[in-house]
Amino acid sequence: MTVGSADGYRRGIRHFNAREFYDAHEVWEDVWRESQGMEKRFLQGLIQAAVALHHHSTGNVVGACSLMERSRRNLAACPEQYGGIRLGLLLTALGEWREAMVSGNSAPELPEIFVVE
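All of these numbers come straight from a predicted model, not from anything done at the bench. (Residues numbered from 1 in each chain as written. Predicted model: local features only at pLDDT ≥ 70, side-chain atom pairs only at ≥ 80, totals over all residues. Heavy atoms only, no water.)

A. Seen up close, the nonpolar core. Ranked by size, the top nonpolar core spans 31 residues in total, and within it F16, W28, F42, L46, I85, L87 and L90 carry the most contacts. Looking at this core, the elements with two or more residues in it are α1 (6-17), α2 (21-33), α3 (37-57), α4 (61-76) and α5 (87-103). Per-element accounting of this core gives the leading share, nine residues, to α3. Setting aside chain neighbours within four positions, we find L90 in contact with F16, L46, L75, I85, P111, E112 and I113. (Core = buried A, V, L, I, M, F, W, Y, C linked by side-chain atoms within 4.5 Å. Buried < 20%, exposed > 50% of the residue type's maximum accessible area, 1.4 Å probe, protein only. Helix = DSSP H or I, 4+ residues; strand = E, 2+ residues; numbered from the N terminus. Contact = heavy atoms within 4.5 Å.)

Below, the structure is given as C-alpha cells:
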C-alpha cells in the first residue's frame, strides 16, 4: 500500500490521535482524491470515522451513528493491518463508540489509531 501522499496520511493520523477530527478529515480527503481501489475505500473509512466523531462532538448523534456504521463497513473490507496501522483495534473501538451512541450509554474513551511498528 502506498497511501497517496504518505506525509498527508501520517499528518491525518496525528490529527485523529490529537482528537482534531475535523482536521484529520480535511487532510485525508486530499490523500483520498489521489487514491484508488482498496486504498480509496480504506481512506474513505478513516474519513468517515473522523467525521462521525466530529459530529458526535457537536451533538449530531444521528449523523455520527450513520457515518460510524459506514466507516466500519469500509474499514472491515481491509486486512487486519493495513496502511501501517492496526485496523482491528480501530474497528473494535469504533464499534464500541457506535454501540454507546445507539444505546445512549456514556461514550468510551476516544478511539486512537495505533501504528504498526
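B. View of α1. With twelve residues, α1 ought to run about 16 Å at 1.5 Å a step, and its terminal C-alpha atoms sit 17 Å apart, in line with that. Tucked inside the fold, the buried residues of α1 contact α2, α3, β1 (81-82), β2 (85-86) and α5. R19 sits one or two residues past α1 and shows a positive phi near 70°. (Expected span 1.5 Å × (residues − 1).)

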